[in-house]
Amino acid sequence: MASSCRRPEHSAPPDVFYNEEEAKKYSQNSRMIEIQTQMSERAVELLNLPEGQPCYLLDVGCGSGLSGDYLSEEGHYWVGVDISSAMLDVALDREVEGDLLLGDMGHGMPFRPGTFDGCISISALQWLCNADKRSHSPPKRLHSFFSTLYSSLSRGARAVFQLYPENSEQLELITTQAMRAGFSGGMVVDYPNSSKAKKFFLCLFAGVAGVLPKVRNTGVGGGCRFKNMKGKSLKKGRDWILEKKERRRRQGREVRADTKYTGRQRRPHF
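These numbers come from a predicted model, not from an experiment.

### Quick word on helix α4 (residues 66-73)
With eight of eight residues buried, α4 lies mostly within the body of the structure. The first or second residue beyond α4 is Gly-75, which carries a positive phi of 90°.

Given below as C-alpha cells:
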C-alpha cells in the first residue's frame, strides 16, 4: 500500500496544493509527463474501447491536460474536470483539444444521463477520502461523485481510476461507495510484487457486469511509452504537429495554415 509520508492530500486541499508553482511542474517536468502518459495509456487500455472508433470521454481530475493529450492522440474527444484553476490555466496555455470545466468532484458530475462512452481519472480519486472542511463527509462526497458519474455514463461503459490508496480502509471506503452507486467491477493491481512499480486501477462497469482485465506483472522499469503507439508519429515532430492541426480543423477550430516552417527545429537560445 502507498506510504502515508509526503502525501500531497495531507498538505492542503487540492485547489490550494495545486497552485501556479505546482501546476507549472506538469508542463515542464519530463519525468512527471512520462509517468502521467504511461498511466493514461494503461487506463485507456482498461476501458476496452471499440477499436478504431472515436469516443466521447470524461477525464476527472484532468489537471494540465496531460491525460487529455493521450486521449486526443488516440483520436477521442474529451471533457476534463478539475478543482484547480491554476492547473486548468496551464491546460489552456498548452492549447489542449478537450473542453475544460472547473469543479469539485465531491459535488458530483453536472452532466446529462448517458453523455460519455467512458471515464478515466489519474491520481485524483484518493483526494475525496480527506475531509478538508468541517462540512466534508468522505463517504457522502464519494457517493455523490459515483452516483452522478454512473448516470452520466452510457450503459455498458467503463470508468477507470488510477489512484494511490493510503491504506486498505481507504480502498474499502472507495469501492463500497462505488458499488452503492450501482457500479460493478473491482481493483486491478499492476506489478503487485514491486514496491516501486505497483499501480492501483479501480475498474468500474456501468449497467453491465464485465470481467476484470488481467494485471501487468512483467516488464518493470524497461518500458518505453512509444512502443505501443500503433504507428503514430513521435510526439512534437513535424508529422505529429500536422496530425494535431488536422484534428483541430475537423473540430471546426481556427488553425494556422501549414507552411514549410511548420514543426521546424529551431536553434537553441543562449
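We are not done yet, so read on.
### Description of the side chain of Ser-40
By the secondary structure assignment, Ser-40 is in helix α3 (residues 30-47). You can call Ser-40 buried: its relative accessible area is 0%. There is a polar contact of 2.8 Å between the side chain of Ser-40 and the backbone oxygen of Gln-36.

### Points about the packing of helix α2 (residues 20-28) against α3
Relative to each other, α2 and α3 sit at 75°, their axes nearing to 6 Å. Taken as axis vectors, α2 and α3 run roughly perpendicular relative to one another. Contacts between α2 and α3 involve Lys-25, Tyr-26, Ser-27 and Gln-28 from the first element and Ser-30, Met-32, Ile-33 and Gln-36 from the second. Classifying every residue of the contact of α2 with α3 by side-chain character gives three nonpolar, four polar and one charged.

### A word on the sheet that holds strand β7 (residues 199-205)
The strand order β3-β2-β1-β4-β5-β7-β6 describes an open sheet built from seven strands, whose pairing is mixed. Each of the sheet's edge strands pairs with one partner strand only, and the pair in question is β3 (99-102) and β6 (184-190). For this sheet, the mean angle separating the axes of adjacent strands, direction not counted, is 15°. Judged from the five bridges that link them, strand β1 (residues 56-60) and strand β2 (residues 77-82) form a sheet pairing that is parallel. Bridge pairing in β2 links Leu-57 to Trp-78. Running at roughly 165° to β3, helix α5 (residues 85-93) makes contact with β2 and β3 of the sheet. Running at roughly 15° to β7, helix α7 (residues 168-180) makes contact with β5 (153-163), β6 and β7 of the sheet.

What counts, and where the lines are drawn
- Residues numbered from 1 in each chain as written.
- Predicted model: local features only at pLDDT ≥ 70, side-chain atom pairs only at ≥ 80, totals over all residues.
- Heavy atoms only, no water.
- Buried < 20%, exposed > 50% of the residue type's maximum accessible area, 1.4 Å probe, protein only.
- Helix = DSSP H or I, 4+ residues; strand = E, 2+ residues; numbered from the N terminus.
- Polar contact = N/O pair within 3.5 Å; in protein donor to acceptor, adjacent residues only side chain to side chain.
- Axes fitted to C-alpha atoms, helices over the stretch in contact; angles between N-to-C directions.
- Parallel < 35°, antiparallel > 145°, perpendicular 65-115°, else oblique.
- Contact = heavy atoms within 4.5 Å.
- Nonpolar A, V, L, I, M, F, W, Y, C, P; charged D, E, K, R; others polar.
- Pairing = 2+ DSSP bridges.

Worth remembering: the numbers are spatial, not functional.
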